[in-house]
Amino acid sequence: GAKRLMEFDGFLLLGKSIDEPCIAVVRPYDGTPQTVGNGIMVALRLDSAAEVDALYAKALELGGTDEGPPGDRGGVFYAGYFRDLDGNKLNAFCLGS
């Protein structure tokens with residue numbers, strides 16, 4: 001029952017709906033080959049931009065590294081990107097901004 005929910009250059013989101021778990025296929029942002037922790041990302045959906053900001057700040061406070069500060073991404077997607085201590089890429093996001 002999955003379908004294409006979003007598609008941009010280098011990005012494809014598949015799932016039943018944006019309100020359920022989805023899978024995205026994306027070219028690595030930094031242009032290097034896909035490896036564990038690069039080209040693989042866990043996205044955490046939150047309820048508000050304030051929650052995204054708080055989670056992003058806490059991740060950096062605990063030793064995570066910045067991969068893109070929280071901000072509006074196209075008017076309907078607010079997100080911040082970071083890596084955990086093992087180098088895994090994560091994203092905290094909410095819909096709307």
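Just so you know, these numbers come straight off a predicted model, no measurement behind them.

Details of the overall build of the protein
Move 1: Tallying secondary structure elements over the protein gives 1 helix and 7 strands in all.
Move 2: The order of α-helices and β-strands along the protein, N terminus first, is β-β-β-β-α-β-β-β.
Move 3: For 97 residues, the compact-globule estimate of 2.2 N^0.38 gives 13 Å, and the C-alpha radius of gyration of the protein, at 13 Å, lies within 12% of that figure.
Move 4: Each principal axis of the C-alpha distribution contributes one length, and for the protein these read about 40 × 30 × 20 Å.
Move 5: For the protein, buried positions account for 27% of its 97 residues.
Move 6: The contacts in the protein between residues at least 6 apart in sequence include a share of 29% that link residues at least 24 apart.
Move 7: A total accessible area of about 6300 Å² is found for the protein, and carbon and sulfur atoms account for 58% of it.

Overview of the sheet that holds strand 6 (residues 77-83)
Each strand in a sheet pairs with another by means of backbone hydrogen bonds, the pair being arranged parallel or else antiparallel.
Move 1: Spatially, 4-7-6-5 is the arrangement adopted by the 4 strands of the open sheet, whose pairing is mixed. Of all the strands in the sheet, the pair left with one neighbour each is strand 4 (41-45) and strand 5 (65-72). Each adjacent strand pair in this sheet contributes to an overall mean axis angle of 15°, direction not counted.
Move 2: With 5 bridges joining them, strand 5 and strand 6 adopt antiparallel strand pairing. Pairing of glycine 71 across the sheet is with alanine 79, part of strand 6.
Move 3: Here helix 1 (residues 49-61) sits on the sheet in contact with strand 4, strand 5, strand 6 and strand 7 (89-95), set at roughly 10° to strand 6.

Details of the pattern of salt bridges
Move 1: Applying the stated rule across the entire model yields 5 salt bridges.
Move 2: Across the pair arginine 83 and glutamate 67 runs a salt bridge whose closest N-O atoms are separated by 3.0 Å. With a gap of 16 residues between them, arginine 83 in strand 6 and glutamate 67 in strand 5 connect regions that are remote in the sequence.
Move 3: Its relative accessible area of 12% is what places arginine 83 among the buried residues.

Quick word on the environment of glycine 31
Move 1: Take glycine 31: it is sitting in the loop between strand 3 (23-26) and strand 4.
Move 2: Each C-alpha atom, one on glycine 31 and one on aspartate 72, is 22 Å from the other, the two residues being 41 residues apart in sequence.

So, the packing of aromatic side chains
Move 1: For the structure shown, the criterion picks out 3 aromatic pairs.
Move 2: Aromatic pair phenylalanine 8 and phenylalanine 11: ring centres 5.7 Å apart, planes at 40°, arrangement tilted.
Move 3: On the basis of relative accessible area, phenylalanine 8 is assigned to the exposed category, the value being 54%.
Move 4: The exposure class of phenylalanine 11 is partly exposed, given its relative accessible area of 24%.
Move 5: When the centroid spacing of 6.4 Å and the interplanar angle of 70° are considered together, the rings of tyrosine 56 and phenylalanine 82 count as edge-to-face. Of this pair, tyrosine 56 sits in helix 1 while phenylalanine 82 is found in strand 6, placing the two residues 26 residues apart along the sequence.

About the thresholds
- Residues numbered from 1 in each chain as written.
- Predicted model: local features only at pLDDT ≥ 70, side-chain atom pairs only at ≥ 80, totals over all residues.
- Heavy atoms only, no water.
- Helix = DSSP H or I, 4+ residues; strand = E, 2+ residues; numbered from the N terminus.
- Rg over C-alpha atoms; globule rule 2.2 N^0.38 Å.
- Buried < 20%, exposed > 50% of the residue type's maximum accessible area, 1.4 Å probe, protein only.
- Contact = heavy atoms within 4.5 Å.
- Areas by Shrake-Rupley, 256 points an atom, 1.4 Å probe, with all protein chains shown as cover.
- Pairing = 2+ DSSP bridges.
- Axes fitted to C-alpha atoms, helices over the stretch in contact; angles between N-to-C directions.
- Salt bridge = Lys/Arg side-chain N within 4 Å of Asp/Glu carboxyl O.
- Phe/Tyr/Trp six-rings, centres within 6.5 Å; stacked < 30°, edge-to-face > 60°.

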